[in-house]
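# Analysis of the macromolecular model
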Amino acid sequence: MAAKGAHGAHLKPDCELERCRAEGHWGRLLALARQPPAPGGGARRSSPGARLPAPDADDLGKLLLAEALLEQCVKENQAKVKDSVPVLEKEEQRISEAKGYLSNILSHGRLPPQYLNEAMLILGKLHYVEGSYRDALSMYARAGIDGMSVDAKPLYHMRMLAEALVIKGLSLERLPSSIASHCRLTEREEEVVTCFERASWVAQVFLQELEKTTTSSTSRHLKGPHPADYELTYFLEAALQSAYVKNLKKGNIVKAMKELRDVLRMVETKATQNFKVMAAKHLAGVLLHSLSEDCYWNPLSQPLPEFMSKEEGSFITQALRKPHLYEGDNLYCPKDNIEEALLLLLISESMATRDVVLSRAPEQEEDRTVSLRGAAAIYDLLSITLGRRGQYAMLSECLERAMKFACGEFHLWYQVALSMVACGKSAYAVSLLRECVKLRPSDPTVPLMAAKVCIGSLHWLEEAEHFAMMVVSLGEEAGDFLPKGYLALGLTYSLQATDATLKAKQDELHRKALQTLERAQELAPNDPQIIFYVSLQLALVRQISSAMEQLQEALALCRDDAHALHLLALLFSAQKHYQHGLDVINMAIAEHPENFSLLFTKAKLEHVLRGPEVALVTCRQMLRLWQTLHSFSQLGPARLPSRGLEKDGSFGEGFTVKKHSGLHLTLPDAHDADSSSRRASSIAASRLEEAMSELTVPNSVLKQGPVKLWTTLEQIWLQAAELFMEQRHLKEAGFCIQEAASLFPTSHSVLHMRGRLAEAKGSLEEAEQLYQEALTVDPDGARILHSLGLMLSRRGRRSLAQKVLRDAVERQSTCHEAWRGLGEVLQAQGQTEAAVDCFLTALELEASSPVLPFSVIPREL
């Protein structure tokens, strides 16, 4: 009965039928095909059936019915078609009807060749949908699609040809590999690739022409409703992407990149916007994963011949109509694979975030999941791309934009948190990690990361203890991370003990730290990091022999660890084996020549063994090393900061600075002239003037550079000042202190050293004022309290000196200098018994005292 109604199809104008077939309005086409003929046949003159006899027009109606029924069936069963699950005739009535119509048309053979070819293309597609791949190939061979042209043909014919080509390639792929000959298999593979490449071209041309037609039609009917955007069918999407996907699977990277770049350079249509996002993501993945910077070629150049010779087959040369590409004279061209990947991903990110489904409605859950998955994949690639160049600040800005749709999405929250850690926004990172813990309370890695940040850059020890306890409370659920949880907790207790101001509290926290670290060692007896920190904790409580035994175990597992070697040198110095300590330090510096902490210890050991003059040589080496290493540009040679600071316009993150040609870092030479002569005074003044004019770093520069860089330079100057004061070269010491003060004028270390210099010059009142200022900045500084106490004792204010020195030993109970000073004050006050106790304590502590406190070794995860 439906076939009888098909007679009405020949009464409709060509343009409407062709538009429905091109734009995929299958419901409308079905209605037109089944509509009864109008009385009088007034439209017959402009209909396709007007030139055909009635039986032929009836066959044309069947053709339209068959196409509409098949397309509706494919749309409703798209998931099955994607997964290559056959849609059987017995399960789907529309397949049976369409197959019957097409068989009748081809058996009659009354239609003109154009329509017979269309019937073959539709029937080939139907065979593919029902899983009959050989029948599909046979039908396409009969239609002769390899020689088909799209010139002077209706627009819908271009769509049919693109789908036929991709279906032929897919059918060849799905045929069983029963061919024994390797040559035949290779030919089949080449034929598949050729089909996919031709399908891609034809599909792109079709979509561009469809966009033109739709746009012009809309402009002619501005008052009418705006037509819906064309939705890519499964087969058209497959036509666009199968060529590069096949080449990637075969390892033909060059051909795949060419296909992807061609697709992305194609003049965009509304239908291809989402597809281009996916293609850009694929190309970025290829650039990052499969192509090194040495092998890169830009989109407007050709790859090296040796790359092409390694790949199978060659590019197709069929004379097909090519799609329109974006062209111009001043197009931006990336310089390397990272730049191209970044450009692709930033464009993709802007499009993907725009199209993410934000609604939490249950009916949109699937669409939201799909769009979110696509956006997350882009952000993952962005993390890799920007991470390779150290552009973590830019990465954090990109990931922050994802927060608007990251509700409940752990992966995006964690990515943002990690980017904040990498770019130094530690406080923000901890807030984000706290949210991540709520999303995944059973994941031990998240609180461990939070504890790491709190222990390291923030020194939020209460927060660190809280996060470490989270891991420990998981017990066996934490798995291999449980020892790390105990390690984090032990380090937190150890750092809290260092910060504590009361001796009883210090002792309690040191005991808890040691117990917790030993528990971590029980759980992971072969972890060198845990063993090392057990050794360090033992050293902090002055159990030197036990610390040495543990450290030997750690070094047996990790021989060249800088911190372990540093601790070994300090332990030797605590045992008064200074030469052994210096040998170890020299060995460590040979392995880690840029480690300033090792160099500071070397200077201290040299001071003890060989005197301040030799130690000053090491200070000069540190200044030269600082000048060589620390520059504001990661791309060029090291530059010392000067007056001008310019941001580098290149891709590498950092800064460059302008530098006077004669700029250098040097310590003053105390042997240039007699320190008491007028000439020496003028030389020192001139050096100071030169340093202040060329080397002084303004605050604006300090704010832009990493603080650790400048604190290291400050410590070098202060170390040199201390050595000069040891030699009684006070002018040179003053020069060094002035250099440190130009970096951090209110630093407690600078104020303390200025006070020591004033005291050495006999200006006791000025020294007391400077010590008080230093204590204002660092109220718990044991060294400052010690210096202030001794100076007060010199001024005869022994009661106040005793109180200050007692505060010093309370703050740092292992400081033997403070105990000795307290004993001297008590002795001067006539409290002999108490003074003897202090002297004995000082002697006992000095016997196990290293040249530098053990706390100089960082405690961090």
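As the structure is a computational prediction, the values presented were derived from the model and not from experiment.

## Notes on the overall build of the chain
In terms of regular secondary structure, the chain is built from 39 helices and two strands. Considering the chain as a whole, with its 861 residues, one finds that 50% of them fall into the buried category. Restricting to contacts in the chain with at least 6 residues of sequence separation, those with at least 24 account for 66%. Carbon together with sulfur atoms contributes 52% to the accessible area of the chain, which is approximately 40100 Å² in total.

## Brief notes about unusual backbone geometry
Even without glycine at this site, Arg542 takes up a positive phi of about 65°. Following the sequence through the fold, Arg542 ends up in the loop between α24 (528-540) and α25 (544-557). One non-glycine residue with positive phi stands out, namely Arg728, at about 65°. Relative to the helices and strands, Arg728 resides in the loop between α32 (707-726) and α33 (730-743). Overall, the relative accessible area of 52% leaves Arg728 in the exposed class.

## Details of the layout of surface pockets
One number sums up the size of the second largest pocket: a volume of about 1500 Å³. Lining the second largest pocket are 40 residues; nearest its centre among them are Lys82, Glu237, Asn274, Met278 and Val370. Elements with a minimum of two residues in the lining of the second largest pocket: α5 (78-82), α9 (155-174), α11 (234-250), α13 (273-289), α15 (337-355) and α16 (365-388). A breakdown of the residues in the lining of the second largest pocket according to their chemical character gives 18 nonpolar, seven polar and 15 charged.

## Focus on the side chain of His510
Inspection of the secondary structure puts His510 in helix α23 (residues 503-523). Assessed through its relative accessible area of 14%, His510 is described here as buried. Within the local environment of His510, its side chain forms a polar contact with the side chain of Gln537, the two groups lying 2.9 Å apart. Apart from residues lying up to four places away in sequence, His510 is in contact with Ser494, Ala497, Gln537, Leu540 and Val541.

## Remarks on empty space enclosed by the protein
Here the structure, examined in full by the defined rule, presents five cavities of 30 Å³ or more. For the second largest cavity, the calculated volume is near 60 Å³. What lines the second largest cavity is simply Glu67, Glu71, Leu121, Ile122, Lys125, Tyr140, Arg159, Met160, Glu163, Ala164 and Ile167. Of all the elements in the fold, those that place two or more residues in the lining of the second largest cavity are α4 (54-76), α7 (113-129) and α9. By residue class, the composition of the lining of the second largest cavity is six nonpolar, no polar and five charged.

## Some remarks on helix α29 (residues 612-629)
The end-to-end C-alpha distance of α29, which contains 18 residues, comes to 25 Å, matching closely the 26 Å that a straight helix rising 1.5 Å per residue would cover. By the burial criterion, the buried members of α29 are Pro612, Ala615, Leu616, Thr618, Cys619, Met622, Leu623, Leu625, Trp626 and Gln627. As for α29, its buried residues are in contact with α28 (596-610) and α32.

## Observations concerning the packing of α33 against helix α34 (residues 748-760)
Their axes nearest at 10 Å, the elements α33 and α34 cross at an angle of 160°. When the interaxial angle is binned, α33 and α34 end up roughly antiparallel. Seen along the crossing, α33 lies across α34 with a hand that is left-handed. Along the contact surface, α33 presents Leu730, Ala733, Gly734, Ile737, Ala740 and Ala741, while α34 presents Val750, Met753, Arg754, Leu757 and Ala760. Residues belonging to the contact of α33 with α34 are distributed by class as follows: nine nonpolar, one polar and one charged.

## Quick notes on the confidence of the model for the chain
With 83% of its residues at a pLDDT of 70 or more, the chain has an overall mean of 82. Ranking the helices and strands of the chain by mean pLDDT puts α24 first, with 96, and strand β1 (residues 645-647) last, with 31. Ignoring residues within four places in sequence, the model shows residues 671-704, a span with pLDDT below 50, making 53 contacts including any to other chains.

## A few points about the packing of aromatic side chains
In this description, a pair of aromatic rings is defined by centroid distance and the angle of the planes. A full pass over the atoms with the stated rule returns seven aromatic pairs. Aromatic pair Tyr128 and Tyr133: ring centres 5.4 Å apart, planes at 55°, arrangement tilted. Across the pair, Tyr133 and Tyr128 agree in class, each one buried. Between Phe410 and Tyr414 the ring centres are 5.3 Å apart and the planes differ by 20°, which places this aromatic pair in the stacked class. Here Tyr414 and Phe410 lie together in helix α18 (residues 410-422), a separation of four residues that amounts to about one turn. Owing to a relative accessible area of 11%, Phe410 belongs among the buried residues under this scheme. Among the aromatic side chains, those forming a connected cluster through ring pairs are Tyr128, Tyr133, Tyr234 and Phe235. If you follow Arg21 out to its NZ or CZ, it ends over the ring of Tyr156, 3.9 Å from the centre.

## Side note on the packing of helix α6 (residues 93-108) against α7
For the pair α6 and α7, the least separation of the axes is 10 Å and the interaxial angle reads 145°. Crossing handedness for the pair α6 and α7: left-handed. Counted together, Ile95, Ala98, Lys99, Leu102, Ile105 and Leu106 of α6 and Leu116, Ala119, Met120, Ile122, Leu123, Leu126, His127 and Val129 of α7 form the full contact between these two elements. Split into classes, the residues belonging to the contact of α6 with α7 amount to 12 nonpolar, one polar and one charged.

## Quick word on the pattern of salt bridges
Counted under the stated rule, the structure contains 41 salt bridges. Here Arg28 and Glu16 are joined by a salt bridge, their closest N and O atoms 2.4 Å apart. With Arg28 in helix α3 (residues 26-34) and Glu16 in helix α2 (residues 14-23), the pair connects residues that are 12 residues apart, well separated along the chain. Where Glu163 meets Arg159, a salt bridge forms, and the shortest distance between an N and an O atom there is 3.3 Å. Placement of both Glu163 and Arg159 in helix α9 is noted, with a separation of four residues, approximately one turn of the helix. The exposure classification of Glu163 matches that of Arg159, with both residues buried. The network of salt bridges with shared partners includes Arg21, Glu67, Glu71, Glu118, Lys125, Arg159 and Glu163.

## Notes on the environment of Arg797
Topologically, Arg797 is positioned in the loop between α36 (782-794) and α37 (798-811). With a relative accessible area of 35%, Arg797 lands in the partly exposed category. In this structure, the C-alpha to C-alpha distance between Arg797 and Val825, residues 28 residues apart in sequence, is 9.7 Å. The residues contacting Arg797, other than those within four sequence positions of it, are Glu768 and Leu792.

## Looking at a nonpolar patch on the surface
On the surface, a nonpolar cluster with roughly 300 Å² of combined accessible area is contributed by Tyr332, Leu343 and Ile347. By the secondary structure assignment, Ile347 is in helix α15.

## A short note on helix α38 (residues 816-828)
Its 13 residues give α38 an end-to-end C-alpha distance of 18 Å, which sits within 8% of 18 Å, the value for a rise of 1.5 Å per residue. What α38 keeps buried is the set His816, Ala818, Trp819, Gly821, Leu822, Gly823, Val825 and Leu826. Contacts made by the buried residues of α38 are with α36, α37 and α39 (832-847). Two residues or fewer after α38 comes Gly830, characterised by a positive phi angle close to 85°.

## Looking at the side chain of Lys246
Structurally, Lys246 is set in helix α11. Its relative accessible area of 10% is what places Lys246 among the buried residues. Reaching out from Lys246, the side chain makes a polar contact with the side chain of Glu189 at a distance of 3.0 Å. When sequence neighbours within four positions are dropped, the list of residues in contact with Lys246 reads Glu173, Glu189, Val192, Val193 and Phe196.

## Points about the environment of Ala136
Its place among the elements puts Ala136 in helix α8 (residues 133-143). Its relative accessible area of 0% is what places Ala136 among the buried residues. Along the sequence, Ala136 and Ile167 sit 31 residues apart, while their C-alpha atoms lie 8.2 Å from each other. Excluding its chain neighbours within four sequence positions, the residues that come into contact with Ala136 are Gly124, His127, Tyr128 and Ser171.

What counts and what doesn't
- Counting restarts for each chain, with residues numbered from 1 along the sequence as it is written.
- Owing to the predicted nature of the model, reporting of local features is limited to residues with pLDDT of at least 70; listing and counting of side-chain atom pairs is limited to 80 or more, with chain, interface and lining totals taken over all residues.
- Side-chain metrics rest on all non-hydrogen atoms present in the structure, leaving aside hydrogens and water.
- Only runs of H or I of at least four residues qualify as helices and only runs of E of at least two qualify as strands under DSSP, and these elements are numbered from the N terminus.
- Summary of the burial criterion: residues with accessible area below 20% of their type's maximum are buried, those above 50% are exposed, and those between are partly exposed, where the area comes from a 1.4 Å probe applied to protein chains only.
- In this analysis, two residues are considered to be in contact whenever any of their non-hydrogen atoms come within 4.5 Å of each other.
- For the accessible areas, the method is Shrake-Rupley and the probe is 1.4 Å, while residue cover comes only from the protein chains on display.
- With a 1 Å grid laid over protein atoms only, a set of points is called a cavity when a 1.4 Å probe fits there but cannot get out and a pocket when it is open yet has protein on both sides within 12 Å along at least five of seven lines; lining residues have an atom within 4 Å of a point.
- Grid points are joined across faces, edges and corners, and a volume is the space filled by probe spheres set on the points.
- Residue polarity follows a fixed list, in which Ala, Val, Leu, Ile, Met, Phe, Trp, Tyr, Cys and Pro are nonpolar, Asp, Glu, Lys and Arg are charged, and the others, Gly among them, are polar.
- Polar contacts here mean pairs of N or O atoms no more than 3.5 Å apart (in protein, one a potential hydrogen donor and the other a potential acceptor; neighbouring residues in sequence count only if both atoms are side-chain atoms).
- Expected helix span is given by 1.5 Å per residue-to-residue step, counting one fewer step than there are residues.
- Every axis in this analysis is a line fitted to C-alpha atoms, fitted for helices over the stretch in contact. Angles between the N-to-C directions lie between 0 and 180 degrees.
- Angles are sorted into four bins: roughly parallel if under 35 degrees, roughly antiparallel if over 145, roughly perpendicular if 65 to 115, and oblique for all others.
- Should the near helix be turned counterclockwise from the far one by less than a right angle, the crossing is left-handed, whereas a clockwise turn marks it as right-handed.
- Scored from 0 to 100, pLDDT records how confident the predictor is in each individual residue.
- Stacked, edge-to-face and tilted labels apply to pairs of Phe, Tyr and Trp rings (six-membered ring for Trp) whose centres lie within 6.5 Å, assigned for plane angles under 30 degrees, over 60, and everything in between, in that order.
- Two conditions define a charge sitting above a ring: the NZ of Lys or the CZ of Arg must be within 6 Å of the ring centre, and it must be within 35 degrees of the ring normal.
- Salt bridges are defined by distance alone: a side-chain nitrogen of Lys or Arg within 4 Å of a carboxyl oxygen of Asp or Glu.
- In this scheme, patches are assembled from residues that exceed 30% relative accessible area and form no salt bridge. Like charges are connected within 9 Å, while nonpolar side chains (Val, Leu, Ile, Met, Phe, Trp, Tyr) are connected within 5 Å.

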